[in-house]
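Observations on chain architecture
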Amino acid sequence: MDIKLGLPATSIFWTHNNEERTSAIERWHRVAFILAGIFSLVSLAVSVHLIRQHQKHWSKPRIQRKIVGILWMVPIYAITFWLSLGFKDAAVYWDMFRDCCEGYVICLFLALMIAQLGNGNEYKVHGIL
């Protein structure tokens, strides 16, 4: 039984024919890779639009700098996941890069919270704490 996209039903994964199973898995992997690429491009476009809007309406630079840094995490995650899916041998390195970026974003988020509490002035927060 084939789905309209020419992809076999999930029962093909339980077949004893290894060649059929390998072919079916490769087709599903190709579809997943294409869909991940499309969604990665969409996330990149949306994030770039939001970043440009923040830069266009740059009213609170101390706060918005941190927001822009956090917004870059969305396309970084999407693109590194897509690259990990396409290049399995390099997936460990992409994961490591993504984890480093995640640590930086956590740091930015803490700085954003401090900036928000002090209304853009970090020294005000130190006085409160």
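Quick look at the structure, then. (Residues numbered from 1 in each chain as written. Predicted model: local features only at pLDDT ≥ 70, side-chain atom pairs only at ≥ 80, totals over all residues. Heavy atoms only, no water.)

Secondary structure summary: the chain contains five helices and zero strands in total. What you see in the chain, going N to C, is helices and strands ordered as α-α-α-α-α. Split into buried and exposed, the 129 residues of the chain put 25% on the buried side. Counting every atom, the chain has about 9400 Å² of accessible surface; 68% of that belongs to carbon and sulfur. (Helix = DSSP H or I, 4+ residues; strand = E, 2+ residues; numbered from the N terminus. Buried < 20%, exposed > 50% of the residue type's maximum accessible area, 1.4 Å probe, protein only. Areas by Shrake-Rupley, 256 points an atom, 1.4 Å probe, with all protein chains shown as cover.)

Moving on, we get to helix α1 (residues 18-56). Relative to the 57 Å expected for 39 residues at 1.5 Å per residue, α1 spans 56 Å between its end C-alpha atoms, a close match to the ideal helical length. Every buried residue of α1 is listed here: A24, G37, S40, S43, S47 and I51. Buried residues in α1 make contact with α2 (61-71) and α3 (73-86). (Expected span 1.5 Å × (residues − 1). Contact = heavy atoms within 4.5 Å.)

On to the packing of α2 against helix α4 (residues 91-117), then. In contact at an axis separation of 9 Å, α2 and α4 are set at 155 degrees when each is read in the N-to-C sense. Accordingly, the angle class assigned to the pair α2 and α4 is roughly antiparallel. Considering how the two elements wind past one another, α2 and α4 form a crossing that is left-handed. Of the residues in α4, those in contact with R62, I63, K66, I67, G69 and I70 of α2 are V105, L108, F109, A111, L112, A115 and Q116. Among the residues forming the contact of α2 with α4, the class breakdown is nine nonpolar, two polar and two charged. (Axes fitted to C-alpha atoms, helices over the stretch in contact; angles between N-to-C directions. Parallel < 35°, antiparallel > 145°, perpendicular 65-115°, else oblique. Left-handed = near helix turned anticlockwise from the far one by under 90°. Nonpolar A, V, L, I, M, F, W, Y, C, P; charged D, E, K, R; others polar.)

Time to look at α3. The first and last C-alpha atoms of α3 sit 20 Å apart over 14 residues, in line with the 20 Å expected at 1.5 Å per residue. When α3 is considered as a whole, its buried residues turn out to be M73, P75, A78, T80, L83 and S84. Buried-residue contacts for α3 involve α1, α2 and α4.

On the surface, a cluster of nonpolar side chains totalling about 650 Å² of accessible area is made up of I34, L35, I38, F39, V42, V46 and L50. Turning to its location among the elements, I38 is positioned in helix α1. The class of I38 is partly exposed, set by a relative accessible area of 46%. (Patch = residues over 30% accessible without salt bridge, like charges linked within 9 Å, V, L, I, M, F, W, Y side chains within 5 Å. Salt bridge = Lys/Arg side-chain N within 4 Å of Asp/Glu carboxyl O.)

In this section: the packing of α2 against α3. One can describe the packing of α2 onto α3 by two numbers: an axis separation of 4 Å at closest approach and a directional angle of 15 degrees. Viewed along their axes, α2 and α3 adopt a mutual orientation that is roughly parallel. Listed contacts from α3 to G69, I70 and L71 of α2 are M73, V74 and P75. Among the residues forming the contact of α2 with α3, the class breakdown is five nonpolar, one polar and no charged.

Distances and angles like these do not, on their own, reveal function.
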